[in-house]
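Chain and residue survey
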Amino acid sequence: MKKSYHERFEVINLSQEIYEGMPVFGMHQKTFFMLNQTHEQNMKDTGSKTLGFAARNMLISEHGPTHSDAVWEYNPEGPTIEKMPLEYFWGDAICVDLSHIRYPDYIEVEDLKAALEKHGLEIRKGDIFLMYTGHYDRTYPDKDYGGPKSKHTGLSYAAAEWLAEQGVVNIGVDAPAIDLTPDDLDFSGHWVCGKYGITNTENLCNLDKVVGKRFLYIGLPLNIRDGSGSPVRAVAFIEKED
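Residues numbered from 1 in each chain as written. Predicted model: local features only at pLDDT ≥ 70, side-chain atom pairs only at ≥ 80, totals over all residues. Heavy atoms only, no water.

1. Structural notes on the pairing of strand β5 (residues 90-97)
Stated formally: Note on exposure labels: buried denotes an accessible area under 20% of the residue type's maximum, exposed denotes more than 50%, and partly exposed covers the range between, all computed with a 1.4 Å probe on protein chains only. Every helix listed is a DSSP run of H or I at least four residues long, and every strand listed is a run of E at least two residues long, numbered separately from the N terminus. Strands were regarded as paired on the criterion that DSSP finds at least two bridges between them. Orient the strands so they point away from the viewer; a crossover is then right-handed if the path from the first strand over the helix to the second runs clockwise.
Taken across its 8 residues, β5 has 6 buried, putting it largely inside the fold. Two elements, β5 and strand β9 (residues 214-218), share 5 bridges in a ladder whose sense is antiparallel. The residue bridging Ile 94 from the neighbouring strand is Arg 214, located in β9. Pairing of β5 with strand β6 (residues 128-132), which is carried by 5 bridges, proceeds in the parallel orientation. In the strand pairing of β6, Ile 94 is matched with Phe 129. Each parallel crossover has a hand, and the one from β5 via helix α4 (residues 109-119) to β6 is right-handed.

Shown next as structure tokens:
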């Protein structure tokens, strides 16, 4: 009998929690929750004697927390989020360990090649490429993970372009940005994503659980009309060993 997907795969959450007061990159809207209705209010409104529906409203940036960027965010000639290929947000993925590289050092091409060789991985055209830097593990949420004093490594222009030239369609990281923050005001990683028409996914977590692996990644954006980006529920599907 063929195994079910639940029997075949372990699912690993790669998305940060959404809550009021969560770390948000300085240029973006902070997150707020507002009560829409209580169970009791709804029962009064509907006249029901048995069941009431509670609900909240949420105010959130298109870029918080775990999210993917539309090319349009950094290239006004590029597509908005709902017009981008869904293949950019799900498919084959690999994750490499770059946690030994710390601010103010950039992640360079040689670092990427060394990490791939260490794990015995190769980049294939269409891959989603995730970088475990350890920034989330070291600083989230109370040690200025994404606040005004946040400092973390990021891709150099050459490293970002090298990934794009290998055919990567989505670059992900466990930090607020794929760029070296706060020093790189050229925003090298985003600049390259705009040049090549690809996306990036920021504020991931639990990447230590998928380091050195090839797996199925899913982080689908909301179907936001004219969206500059979208929160995603990023997960990894790791095939279980028999």
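Having seen the model, we can carry on.
2. Regarding the side chain of Gln 37
Using the following cut-off: For the purposes of these results, a polar contact is taken to be a pair of N or O atoms within 3.5 Å, where, inside protein, one atom must be able to donate a hydrogen and its partner to accept one; residues adjacent in sequence count only when each atom of the pair is a side-chain atom. A contact between two residues is defined here by any heavy atoms of the two lying within 4.5 Å.
Secondary-structure assignment places Gln 37 in strand β2 (residues 32-37). In terms of polar contacts, Gln 37 uses its side chain to reach the backbone carbonyl oxygen of Phe 53, at 2.8 Å. Apart from residues lying up to four places away in sequence, Gln 37 is in contact with Asn 42, Phe 53, Ala 54 and Ala 55.

3. Looking at the packing of helix α6 (residues 157-165) against helix α7 (residues 188-196)
Cut-off, in case you're wondering: Only C-alpha atoms enter the line fits that serve as axes; for helices the fit covers just the stretch in contact. Angles between N-to-C directions range over 0 to 180 degrees. Rotating anticlockwise by less than a right angle from the far helix to the near helix defines a left-handed crossing, while the corresponding clockwise rotation defines a right-handed one. Charged means Asp, Glu, Lys or Arg here, nonpolar means Ala, Val, Leu, Ile, Met, Phe, Trp, Tyr, Cys or Pro, and polar covers whatever is left, Gly included.
At a closest axis distance of 8 Å, the pairing of α6 and α7 adopts a crossing angle of 30°. Here the hand of the crossing between α6 and α7 comes out right-handed. On the side of α6, the interface is formed by Tyr 157, Ala 160, Glu 161, Ala 164 and Glu 165, while α7 contributes Ser 188, Gly 189, Trp 191, Val 192, Lys 195 and Tyr 196. Along the lines of polarity and charge, the residues of the contact of α6 with α7 split into 6 nonpolar, 2 polar and 3 charged.

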